[in-house]
Amino acid sequence: IAAKTLPPVVRPERAALGVTVHVRNEHDEEKAYRLVSPEELALVGADGGAASVEGPIGRALLGAHVGDVREVALPRGRQELEVVALEGESSSPEAH
C-alpha cells in the first residue's frame, strides 16, 4: 500500500477574502472572523463568525498581517483589534 502525501498547509501571510482572522481586543478577548463577500454574508449570516469585506470589521482587517493592530469604527465606538493568527485558504492569489 502506497503512502499518500498530503499537500503542505499554506498559511496566508495577510488577511484576504476567504481567510479566517483571529483577533484580540483591548479587553484581551479573542474572536475569529472569516472574511467573506457581501453576497456570502447574506447567505451565511454574521452569527457564524463571518465578516463582509465591505463592512467595518472586514475593511479594517483586510490586508492585515499577524501582529498588526487595526482600529475599527463600530456603532458602540472605536475598538482596536490585534491580529493574532490567520488561517485558511485565500480566494485572492496575492494573499500568499
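Preceding block: the structure.
These lines cover the structure that appears in this document, whether it is placed above or below.

About the criteria used
- Residues numbered from 1 in each chain as written.
- Predicted model: local features only at pLDDT ≥ 70, side-chain atom pairs only at ≥ 80, totals over all residues.
- Heavy atoms only, no water.
- Helix = DSSP H or I, 4+ residues; strand = E, 2+ residues; numbered from the N terminus.
- Buried < 20%, exposed > 50% of the residue type's maximum accessible area, 1.4 Å probe, protein only.
- Contact = heavy atoms within 4.5 Å.
- Areas by Shrake-Rupley, 256 points an atom, 1.4 Å probe, with all protein chains shown as cover.
- Salt bridge = Lys/Arg side-chain N within 4 Å of Asp/Glu carboxyl O.
- Pairing = 2+ DSSP bridges.
- Axes fitted to C-alpha atoms, helices over the stretch in contact; angles between N-to-C directions.
- Core = buried A, V, L, I, M, F, W, Y, C linked by side-chain atoms within 4.5 Å.

So, on to the overall build of the protein. On a plain count of helices and strands, the protein comes out with 2 helices and 5 strands. Along the protein, helices (α) and strands (β) appear in the sequence β-β-α-β-α-β-β when read from the amino end. When the 96 residues of the protein are sorted by exposure, 34% land in the buried category. Residue pairs at least 24 apart in sequence account for 44% of intrachain contacts in the protein once pairs closer than 6 positions are excluded. Surface accessibility of the protein: about 6300 Å² in total, with carbon and sulfur atoms responsible for 52%.

This paragraph deals with the pattern of salt bridges. Where charged atoms from two side chains of opposite charge approach closely, those side chains can pair. Applying the stated rule across the entire model yields 6 salt bridges. For Glu-30, the salt bridge identified is with Arg-24, shortest N-O distance 2.9 Å. Accessibility expressed as a relative area gives 53% for Glu-30, which makes it exposed. Exposure remark for Arg-24: the relative accessible area of 26% places this residue in the partly exposed category. Between Glu-82 and Arg-24 there is a salt bridge whose closest N-O contact spans 3.5 Å. You can see Glu-82 sitting in strand 5 (residues 77–87) and its partner Arg-24 sitting in strand 1 (residues 20–25), a full 58 residues away along the chain.

If you walk across this open sheet you meet the 5 strands as 3-2-1-5-4, and the pairing is mixed. At either end of the open sheet lies a strand with only one pairing partner, and these are strand 3 (50–52) and strand 4 (69–74). Strand-to-strand twist across the sheet, computed as the mean angle between neighbouring axes with direction ignored, equals 45 degrees. As paired strands, strand 2 (residues 30–36) and strand 3 are joined by 3 bridges and run parallel to one another. Bridging across to strand 3, Val-36 finds its partner in Ser-52.

The subject of this paragraph is unusual backbone geometry. Where the residue is not glycine, phi is negative for most of them; where a peptide bond is considered, it is trans in most cases. Backbone geometry places Asp-28, a non-glycine residue, at a positive phi of 65 degrees. Within the secondary structure, Asp-28 sits in the loop between strand 1 and strand 2. With relative accessibility at 57%, the residue Asp-28 sits in the exposed group.

The next thing to look at is the nonpolar core. Counting 18 residues, the largest nonpolar core has Val-21, Val-23, Ile-57, Leu-61 and Val-83 as its most contacted members. Mapped by element, the contributors of at least two residues to this core are strand 1, strand 2, helix 2 (56–61), strand 4 and strand 5. Those residues in contact with Val-21, other than ones at most four positions away along the chain, are Ala-15, Lys-31, Ala-32, Tyr-33, Leu-35, Leu-61, Val-83, Ala-85 and Leu-86.

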